[in-house]
Amino acid sequence: MQEFKILPLIVLCFISTISFGQNASAKDSISNFYLDFTHQLKSKYLNRSDINWKEIESYALKNALKARTFEESLSTTTLVFDTIGCNHCQLFSEKGFYASTLNKSLSQDDFSREFLLEYQEQPAFEVKLINESIGYIRIPGMLMIDLTQDSLNLETQKMYDEIVDLAKGKKLEGWIIDLRFNTGGNVYPMLASLHYLLGNNIMYKELDASGKISKTNQLKDGGFYSGEELKAKTRVSIKPDLSIPVAIITGKMTGSSGEDIAVAFKNRKNTVFIGEQSYGFLTGNDLVELPYNTKLALTTCYIVDNNDVYREYITPNIAVSKKDNFEDLTKDENVMQAMTFFKSLND
């Protein structure tokens, strides 16, 4: 399962060239595409048993064929997602993406001025020391175009090395993992890079519509395994520390891979969740190749923790809202609460 999940506030595009073939008309292209598109939905969609697929197939093709061009026809996928209730499904093409309109809307009023200014700067992955004794890891949403394992391993290793380089030779009080800007992406490298704090453990499981566990995702010796398949791997250079305190910061835009990371830390000892309730995309998506270089992020499961518990949102233990300070993290209320938590365990 490729974890490609985004919120309406962020645009994720796959850079490619769509080619219809010199002899293929737009009508033929549309018909071929929607035949495959609806087939994938009725074969793999999480709630497929609740859908009248004959009506959906007819409805989708009828609406799509009204379009003048193939790209214009892709807006019908949004109508299909809404009709079948797949709020996490998305369709990617050369010119953009098409998603359900069923998701809750977020406005500027939902965020602090400091958050909005930082978000405009497109914050990147960052590891640094706070107050000489606290490790801070910011993991934003990550667009990874090259999905080959070599490329994912390279990105995983870079992030892992930054984390353990800070850990080596230092007596840290605890680690803060900031997920406020993590709106989605490929979760495999993100979680593999956190091996130092998670060790060889189950990260999350996938639950099908019947309530059965369909797959277990775990870290083993620096590798992220989805079932038996290795998805991303780092060369481990330091023994994991599963007792050091960890504070997870979530916000209203924390969704998809950000929520998966939070789930992976559920039931870890000496761990606290701080901030705001997450967005609510705790379902798993499979990335499916469709005709004409389009890709479908198709919802196939629910995400549950290592105790098989499903939650619609990540709800913090300590609520903090709109008290961000990214210029001086020691004055950020979320970070301050984390420091208080570390002190309570270390006293």
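Residues numbered from 1 in each chain as written. Predicted model: local features only at pLDDT ≥ 70, side-chain atom pairs only at ≥ 80, totals over all residues. Heavy atoms only, no water.

A. Up close: the overall build of the protein. Within the protein, the secondary structure is distributed over ten helices and 14 strands. In terms of C-alpha radius of gyration, the protein reaches 21 Å, essentially the compact-globule figure of 20 Å for 347 residues. Projecting the C-alpha coordinates of the protein onto the three principal axes gives extents of approximately 70 × 45 × 40 Å. Expressed as a percentage of its 347 residues, the buried residues of the protein come to 53%. Excluding contacts between residues fewer than 6 apart, the proportion of contacts in the protein whose partners are at least 24 apart in sequence is 72%. Roughly 15300 Å² of accessible area belongs to the protein as shown, and the carbon and sulfur atoms make up 46% of that amount. Computed over 37 positive and 45 negative side-chain charges, the inter-centroid distance for the protein is 3 Å. (Helix = DSSP H or I, 4+ residues; strand = E, 2+ residues; numbered from the N terminus. Rg over C-alpha atoms; globule rule 2.2 N^0.38 Å. Buried < 20%, exposed > 50% of the residue type's maximum accessible area, 1.4 Å probe, protein only. Contact = heavy atoms within 4.5 Å. Areas by Shrake-Rupley, 256 points an atom, 1.4 Å probe, with all protein chains shown as cover. Lys, Arg positive; Asp, Glu negative; His and termini not counted. Charge placed at Lys NZ, Arg CZ, Asp CG, Glu CD.)

B. The environment of Ala338, seen in detail. Along the chain, the position of Ala338 falls in helix 10 (residues 333-346). The exposure class assigned to Ala338 is buried, which follows from its relative accessible area of 0%. Residues within four places of Ala338 in sequence aside, it is in contact with Ile176, Ala247 and Ile274.

C. Representation of the sheet that holds strand 11 (residues 271-275). Strand order in the open sheet made by the six strands is 3-4-5-10-11-14, with mixed pairing throughout. In this open sheet, the two edge strands, each paired with only one partner strand, are strand 3 (126-130) and strand 14 (318-319). Against the sheet, helix 6 (residues 149-167) touches strand 3, strand 4 (134-138) and strand 5 (174-178), its axis set at about 15° to strand 3. (Pairing = 2+ DSSP bridges. Axes fitted to C-alpha atoms, helices over the stretch in contact; angles between N-to-C directions.)

D. Region of interest: unusual backbone geometry. Although it is not a glycine, Ser256 adopts a positive phi angle of roughly 60°. Considering the arrangement of structural elements, one finds Ser256 in the loop between strand 10 (246-250) and helix 9 (257-265).

E. Quick peek at the environment of Glu72. Position of Glu72 among the secondary structure elements: in helix 3 (residues 70-73). In this structure Glu72 comes out as partly exposed when scored by relative accessible area, which is 31%. Residues Glu72 and Ile30, 42 residues apart in the sequence, show an inter-C-alpha distance of 9.8 Å.

F. Broad picture of the pairing of strand 8 (residues 223-226). Of the two faces of strand 8, both are covered, the one formed by Gly223 and Tyr225 as well as the one formed by Phe224 and Ser226. Note: strand 7 (residues 213-220) against strand 8, four bridges, orientation antiparallel. Within the sheet, the bridge partner assigned to Gln218 lies in strand 8 and is Tyr225. Pairing analysis gives four bridges linking strand 8 to strand 9 (residues 229-233), with the strands arranged antiparallel. Paired with Gly223 across the bridge in strand 9 is Lys233. As consecutive antiparallel partners, strand 8 and strand 9 are separated by two residues, and within that stretch Gly227 has a phi angle of approximately 65°, a positive value.

G. Molecular detail of the state of the cysteines. Scanning all chains against the criterion turns up one disulfide. Between the sulfur of Cys86 and that of Cys89 lies a disulfide, 2.0 Å long from S to S. Taking the sign of the S-S torsion, about 75° here, the bridge from Cys86 to Cys89 comes out right-handed. Just as Cys86 is buried, Cys89 falls in that class too. (Disulfide = S-S within 2.5 Å.)

H. Quick look at the nonpolar core. Among the nonpolar cores identified, the biggest contains 44 residues, and Ile137, Ile139, Trp175, Ile177, Leu191, Leu194 and Phe265 are the most heavily contacted of them. If you look at the next biggest cluster of nonpolar residues, it comprises 26 residues, including Ile56, Val80, Phe81 and Leu91. (Core = buried A, V, L, I, M, F, W, Y, C linked by side-chain atoms within 4.5 Å.)

I. Here's a closer look at the side chain of Ser100. Mapped onto the fold, Ser100 is located in the loop between strand 2 (96-99) and helix 5 (113-120). With near-sequence residues (within four places) excluded, Ser100 lies in contact with Phe81, Asp82, Cys86, Asn87 and Cys89.

J. Inspection of the confidence of the model for the protein at higher detail. The share of residues in the protein with pLDDT of 70 or more is 93%, and the mean pLDDT across the chain is 91. Across residues 1-23 the pLDDT falls below 50, and counting only partners more than four positions away or on other chains, this stretch makes 95 contacts in the model. (pLDDT = per-residue confidence, 0-100.)

K. Quick peek at helix 4 (residues 76-84). All of the buried residues along helix 4 are Thr76, Thr77, Thr78, Val80, Phe81 and Ile84. Looking at the packing, one finds that the buried side of helix 4 touches helix 1 (26-44), helix 2 (53-64), helix 3, strand 1 (90-93), strand 2 and strand 13 (294-304).

L. Spotlight on the packing of aromatic side chains. In the structure shown here, the tally under the stated rule is 17 aromatic pairs. Their ring planes at 75° and their centres at 5.1 Å tell us that Phe70 and Tyr292 sit as a pair that is edge-to-face. One end of the pair, Phe70, is in helix 3; the other, Tyr292, is in the loop between strand 12 (283-290) and strand 13, and 222 residues separate them in sequence. You'll find Phe70 and Tyr292 in the same group, each marked buried. Between Tyr279 and Phe281 the ring centres are 5.1 Å apart and the planes differ by 65°, which places this aromatic pair in the edge-to-face class. Just as Tyr279 is buried, Phe281 falls in that class too. An aromatic cluster of at least three residues, connected via ring pairs, comprises Phe33, Tyr34, Phe37, Phe70, Phe81 and Tyr292. Its guanidinium or amino end placed over the ring of Tyr225, Lys220 lies 4.5 Å from that ring's centre, counting from NZ or CZ. The side chain of Lys266 reaches across the aromatic face of Phe273, ending 4.0 Å from its centre. (Phe/Tyr/Trp six-rings, centres within 6.5 Å; stacked < 30°, edge-to-face > 60°. Lys NZ or Arg CZ within 6 Å of the ring centre and 35° of its normal.)

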